[in-house]
Structures are given as C-alpha cells and as structure tokens.
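Structural features, examined
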Amino acid sequence: MRVADLHLHSHFSDGTYSPEELAAQARRCGLAAIALTDHDSVEGCPGTAVACAAAGIEFIPGTELTAEQDGNELHLLGYFIDTQNPSLLVQLARFQAVRQNRIREMVARLNRLRVPLAAEAVFALAKCRAPGRPHVARALVQAGLCANLDEAFERFLKKNRPAWVPKFKMSAGEAIELIHLAEGVAVLAHPGLNRTDQLIPGMVKAGLDGIECFHTKHSTTTSKRYLELADRFHLLVTGGSDCHGLNKGKPLIGTVKVPYLHVETLKARAVEIKAAAILRPAP
Ligand SMILES: [Zn+2]
Ligand SMILES: [Zn+2]
C-alpha cells in the first residue's frame, strides 16, 4: 500500500534534517509522499521539492501556523499552499520577527536569572528565520548551562517557568483565512495535544478543511475520536509523525503514516480552493 507522512519539520524551523536528508529518510521508510510543515516558514519547501523529485517521492508544500483561541494554543497545517504567495510571505516575515524578538526576551530573562546565555548563540545555532524554544534549549545544553533539553524546559522554558515568554498569536480564524489566501488546505494539527475540541465547530464555520487524526502523540482511542469528529463535520483526515529529525532522540519520520487515499482527497480540496481563489477579486 502507498503511504504518506504529512507532518515533518526541517532545519528551516526546529527540526534537524536538511531537505536532502528528509528525502533520503522518506525513501528509506518507503513513503510515497511527504509534506514539509515547518513552523511559520515555507523556506524549506523549494529545496525539499527538488530533493523529493530526485528520490521519486511526491512532495506537498506546507507550513504549520501557531494560533490562539480563547486562551488555548492550537496549530494549523496548510497543505498545497502557494509558497510564493505575497500575502503569505509578508505574514510569515512578521511571525518570524515576533519569534526573533521572543528569543531575545527569553535570553534577557535568563540573564536576569544569572544564566549567561547570549541571544547570538541561539541565533547561530538555529540558523533559521523561525527560531523557537527548542533552539534556546539546545543552546543552553551546548553552553553547558543545562544537562539536557528536558532540564532546559523544566527549569526555564515551559509555560509559566521563569524564562517563558508568551507569544503573540493570530486567531484560528485568521490562520485558516491566511492558509486559504495562499490557496492551501487548512487542517487542525494534533488536536489531542491541545484539548481544543470545543473550538472545532467554530473553526469549521471559519472554513477548516481537515483534522489531523493520526499523530505520534495520539493514542488509538484519540485517533478514533477525531475520525468520528471528522466524519461528523465532513472534514478531511490527515496524519503524520511530526518528526523533528534527531532533536528528540530517534527520528519519527514514517512512524505515523496515512494511506495515499488521504493525499488524493487533500489534493482534490486544494484544486477546489485554487479554483475559488481565481474567482476571488484581488485584495
Ligand atoms: Zn504542532
Ligand atoms: Zn509540527
């Protein structure tokens, strides 16, 4: 059976793999298709498309946007997005600036706690425009200030810990709108992690297209619950490993995969969205 892993990160956000490594790993796992869904970035998409083409793997350009609704953080995946869309690129640049400022603020808080980390050390290690907490954690370990990533999060970086900084986030509706504006399919990521089920009907009204039923951190029962929700709200079904490369021990790529049929339904929806975009008056 042909299968796909539709949730992967590269070193263009907080993953460790290059586009070439991702394609090689996808081939090793026997995946027919993969989607790259870096946080607030589409930078890795062109390179991964080329690497996948060379490896005979179908590539789906994507991204993962962070949103907030009623005090709950949630993630929205955009599939088959136009990675050159000017509105998308402007917004992503804005989110990336927010992320960079947040790193500086986290480092300032660490410094006030007499943890001598430099923001430059985080940026040098991250080597990407969308740095996040995992990069701060890695920099703390690299500088010998924490024994491991878990300690960095537990002591400093987890929500409400002393170096944690809240992040400005758009609403779920705005994220869905932005994905549609970039002609992509909007899918709620790993709902089992965020416990935001009560927000799903509102997101459906806002145009949500699908739901990530299969995810590394979803149990069989959780996946089943979201399959039922997908059925009830007529949402597309997706799934993926959320692999961050070698960040957290062994790579997850290929450990969660969905039948290729789900790629076909995603693709069909993308065609509809692109057709609707042609009819929409220019902003
Ligand atoms: Zn996520
Ligand atoms: Zn992710």
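Everything discussed here concerns the structure shown above.
For the structure given in this document, a descriptive report is provided here. All residue numbers here refer to positions counted from 1 along the written sequence of the relevant chain. Chains carry letters from A onward and ligands carry numbers from 1 onward, assigned in written order. Local features in this predicted model are restricted to residues of pLDDT 70 or higher, and side-chain atom pairs are both shown and tallied only at a pLDDT of 80 or more, whereas totals for entire chains, interfaces and linings draw on every residue. Neither water nor hydrogens contribute to the side-chain values; these are computed over all heavy atoms in the structure.

Next up on the list: helix H4 (residues 119-126). Each residue is assigned to one of three classes by its accessible area relative to the maximum for its type, calculated with a 1.4 Å probe on protein chains only: buried under 20%, partly exposed between the two thresholds, exposed over 50%. Runs of H or I in DSSP of at least four residues are treated as helices and runs of E of at least two as strands, each being numbered from the N terminus. Three or more residues of H4 are buried, namely Ala119, Val122, Leu125 and Ala126. Axial view of H4: buried residues confined to an arc of 130°, hence all on one face. Relative to its buried face, H4 has exposed residues pointing more than 90 degrees away, namely Glu120 and Ala124. Close packing links the buried residues of H4 with helix H3 (86-112) and helix H5 (133-142). Looking one or two places after H4, you find lysine 127, whose phi comes out positive at around 45°. Read the arc as the range of directions from the helix axis to the C-beta atoms. Pairs of residues are marked as contacts when any of their non-hydrogen atoms sit within 4.5 Å.

Excluding water, the donors of a metal are its N, O and S neighbours within 2.8 Å, or within 3.2 Å for Na, K and Ca, and that exclusion means sites may look incomplete. Coordination of the zinc ion (ligand 2) by the protein involves His7 (NE2), His9 (NE2), Glu64 (OE) and Asp242 (OD), with metal-donor separations of 2.1 to 2.2 Å. A four-donor site is called tetrahedral if each angle lies between 85 and 135 degrees; a four-donor site is square planar, and a six-donor site octahedral, when trans pairs exceed 155 degrees and the remaining angles lie between 65 and 115; all other cases are labelled irregular. One way to put it: the four donor atoms around the zinc ion (ligand 2) meet at angles of 80 to 172°, and that makes the site irregular. Mapped onto the sequence, the residues coordinating the zinc ion (ligand 2) show the spacing H-x1-H-x54-E-x177-D. Distance-wise, the zinc ion (ligand 1) is placed 3.6 Å from the zinc ion (ligand 2), both being coordinated by glutamate 64. Of this pair, histidine 7 sits in strand S1 (residues 3-8) while glutamate 64 sits in strand S3 (residues 58-69); the two residues are 57 residues apart in sequence, bridging distant segments of the chain. The two residues histidine 7 and glutamate 64 agree in class, both being buried.

Interpretation in functional terms is not warranted from these geometric data alone.
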